[in-house]
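The lines below spell out each chain.
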Amino acid sequence: MATLKVPASVASPAEDCEQLRKAFTGWGTNEALIIQILAHRNAAQRKLIRETYAATYGEDLLKDLDSELSSDFQCVVLHWTLDPAERDAYLANEATKRLTCSNWVIMEVACTRSSFDLFKARQAYHARYKKSLEEDVAYHTTGDFRKLLVPLVSAFRYEGDEVNMMLAKSEAKILHEKISKKAYSDEELIRILTTRSKAQLNAALNQYNNQFGNAINKDLKADPKDEYLTLLRATIKCLTCPEKYFEKTLRLAINKLGTDEGALTRVVVTRAEVDMQRIKEEYHKRNSVPLERAIAGETTGDYEKMLLALIGHA
């Protein structure tokens, strides 16, 4: 897993807390100091800062950041300061609410995290919301969406590279048979997509391409306006080449009439310590523009500075 670059001489958590406290006091908030500290600390360091801050000042750093900051800058800093599992739990919970519902965000969390990270997100969901992620997803979705999303968020896939080629060939045939019959929510198709390891799934989809002459996502474009099929294609992309999925998400967020700051913030914050370098390369290849320049052209002020720091441009 890629980690955020941290300066060679990083201050201690106590020193960071002292500086953050200074950023909150006096006339106005010192946003530059907040970026200088938090944008250059990895998840383990940010956790220590939060713990030290609570022990030293008897207050919650997140609450102080919430009261001192505003708008998109507030959102990106709060999301970044959260523990990754807490953040995923929060994103998934927001995605089940009526006004902010998003099957895409639920699918994204389920398909682009490691099995252990998804498990930790489910634990964090229990702790924060006193119920399970699975029950909320089941309650707030219906029909084919529910059939797909509940097993996706419940999954604990094998993470190894071992592949059974006989199984890959047979499951490629099953997938082709179901798609040919337009049985897009068939339980066998969903079983394969929601339980197989990513390596095994990649092997099955390569077999699908070799045996039937088409990439599976091309065969799933029978009805471009079908929302379930669109989500199913995105699921496959997330499981097999997440950098392409995130490149497209960023492209749509940036090129939208009125930037989609929610999607932009979510992708930068959740991928900065995972695969941001690959996403940046994919973005440049697809758009002939560096991601840094695209973000700088669509954002301003402290929000822009924080995003650029997180993608390693600072």
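The name given to the protein chain in an unreviewed UniProt entry is Annexin, with the source organism recorded as Abeliophyllum distichum.

*Asks:* Mind showing me how you'd approach the overall build of the protein chain here?
*Replies:* Within the protein chain, the secondary structure is distributed over 20 helices and zero strands. Since a compact globule built from 314 residues should have a radius of gyration of about 20 Å, the 21 Å found for the protein chain is in line with a globular shape. Split into buried and exposed, the 314 residues of the protein chain put 47% on the buried side. Of the contacts made within the protein chain by residues no fewer than 6 positions apart, 68% connect residues no fewer than 24 positions apart. In the structure as shown, the protein chain presents an accessible area of about 15500 Å², 51% of it carried by carbon and sulfur atoms. The positive charge centre, built from 45 side chains, and the negative charge centre, built from 45, are 5 Å apart in the protein chain.

*Asks:* Explanation requested: the packing of aromatic side chains in the structure shown.
*Replies:* How two aromatic rings sit relative to each other is set out by the distance from centre to centre and by the angle between their planes. Tallied over the full model, the rule gives eight aromatic pairs. Each ring, one from Tyr125 and one from Tyr129, has its centre 4.8 Å from the other, and the planes form 50°; the classification is tilted. One end of the pair is Tyr125 and the other is Tyr129, both in helix α8 (residues 115-129) and four residues apart, which spans about a single turn. Across the pair, Tyr129 and Tyr125 agree in class, each one buried. Ring plane angle 65° and centroid distance 5.4 Å describe the contact between Tyr208 and Phe212, whose orientation is recorded as edge-to-face. Here Tyr208 pairs with Phe212, and both are found in helix α13 (residues 198-212), just four residues apart, close to one helical turn. When its relative accessible area of 0% is taken as the criterion, Tyr208 is described as buried. Chaining the aromatic ring pairs together yields one cluster made of Phe24, Tyr53 and Tyr57. Here Arg21 stacks its cationic end above the ring of Tyr57, 4.4 Å away from the centre of that ring.

*Asks:* Please explain the packing of helix α15 (residues 227-240) against helix α16 (residues 242-255) as it appears in this structure.
*Replies:* The N-to-C vectors of α15 and α16 enclose an angle of 125°; their axes lie 5 Å apart at closest approach. On the basis of the axis angle, α15 is oblique to α16. Contacts between α15 and α16 involve Ala234, Lys237, Cys238 and Thr240 on the former and, on the latter, Pro242, Lys244, Tyr245 and Lys248. When its residues are assigned to classes, the contact of α15 with α16 shows four nonpolar, one polar and three charged.

*Asks:* Is there a simple way to think about unusual backbone geometry in this case?
*Replies:* Among all residues except glycine, the phi angle is most often negative; among peptide bonds, the trans geometry is most common. Phi at Ser71 is positive, roughly 60°, even though this residue is not glycine. Take Ser71: it is sitting in helix α5 (residues 71-81). For Ser288, which is not a glycine, the phi torsion comes out positive at approximately 55°. Inspection of the secondary structure puts Ser288 in the loop between α18 (276-287) and α19 (291-298).

*Asks:* What should I look at first to understand the UniProt feature "binding site: Ca(2+) 3" (unreviewed entry) in the protein chain in this one?
*Replies:* The UniProt record annotates "binding site: Ca(2+) 3" (unreviewed entry) at Glu298. By the secondary structure assignment, Glu298 is in helix α19. In contact with Glu298, other than residues within four places in its own chain, are Ile254 and Thr259. At 3.0 Å, the side chain of Glu298 forms a polar contact with the side chain of Thr259.

*Asks:* How do you make sense of the domain arrangement of the protein chain when you look at a structure like this?
*Replies:* Interface size is commonly expressed as the accessible area that is lost once the parts come together. Domain boundaries assigned for the protein chain yield domain 1 (13-69), domain 2 (84-154), domain 3 (165-240) and domain 4 (242-310). For domain 1 and domain 4, the distance between their C-alpha centres works out to 25 Å. In this assembly, seven residues from domain 1 lie in contact with six residues from domain 4. Here domain 1 and domain 4 share an interface that buries about 510 Å² over both sides, 64% of which is from carbon and sulfur atoms. When the buried area of domain 1 at its contact with domain 4 is split by residue, Glu31, Ile35 and Ala39 rank highest and sum to 70% of it. Applying the counting criterion to the domain 1 and domain 4 interface returns one salt bridge.

*Asks:* Where do I start with the packing of α13 against α15 in this structure?
*Replies:* To characterise two packed helices, one gives the angle between the axes of the helices and the distance between these axes. Orientation of α13 relative to α15, taken along the N-to-C sense of each, is 120°, at an axis distance of 9 Å. Compared by their axis directions, α13 and α15 come out oblique. For α13 against α15, the interelement crossing comes out left-handed. From α13, Lys198, Leu201, Asn202 and Leu205 reach across to α15, where they touch Ile236, Leu239 and Thr240. In the contact of α13 with α15, the residues fall into four nonpolar, two polar and one charged.

What counts, and where the lines are drawn
Residues numbered from 1 in each chain as written. Predicted model: local features only at pLDDT ≥ 70, side-chain atom pairs only at ≥ 80, totals over all residues. Heavy atoms only, no water. Helix = DSSP H or I, 4+ residues; strand = E, 2+ residues; numbered from the N terminus. Rg over C-alpha atoms; globule rule 2.2 N^0.38 Å. Buried < 20%, exposed > 50% of the residue type's maximum accessible area, 1.4 Å probe, protein only. Contact = heavy atoms within 4.5 Å. Areas by Shrake-Rupley, 256 points an atom, 1.4 Å probe, with all protein chains shown as cover. Lys, Arg positive; Asp, Glu negative; His and termini not counted. Charge placed at Lys NZ, Arg CZ, Asp CG, Glu CD. Phe/Tyr/Trp six-rings, centres within 6.5 Å; stacked < 30°, edge-to-face > 60°. Lys NZ or Arg CZ within 6 Å of the ring centre and 35° of its normal. Axes fitted to C-alpha atoms, helices over the stretch in contact; angles between N-to-C directions. Parallel < 35°, antiparallel > 145°, perpendicular 65-115°, else oblique. Nonpolar A, V, L, I, M, F, W, Y, C, P; charged D, E, K, R; others polar. UniProt positions renumbered as here; feature names shortened; annotations may be inferred. Polar contact = N/O pair within 3.5 Å; in protein donor to acceptor, adjacent residues only side chain to side chain. Domains from an automatic or database assignment. Buried area = accessible area lost by both parts, 1.4 Å probe. Salt bridge = Lys/Arg side-chain N within 4 Å of Asp/Glu carboxyl O. Left-handed = near helix turned anticlockwise from the far one by under 90°.

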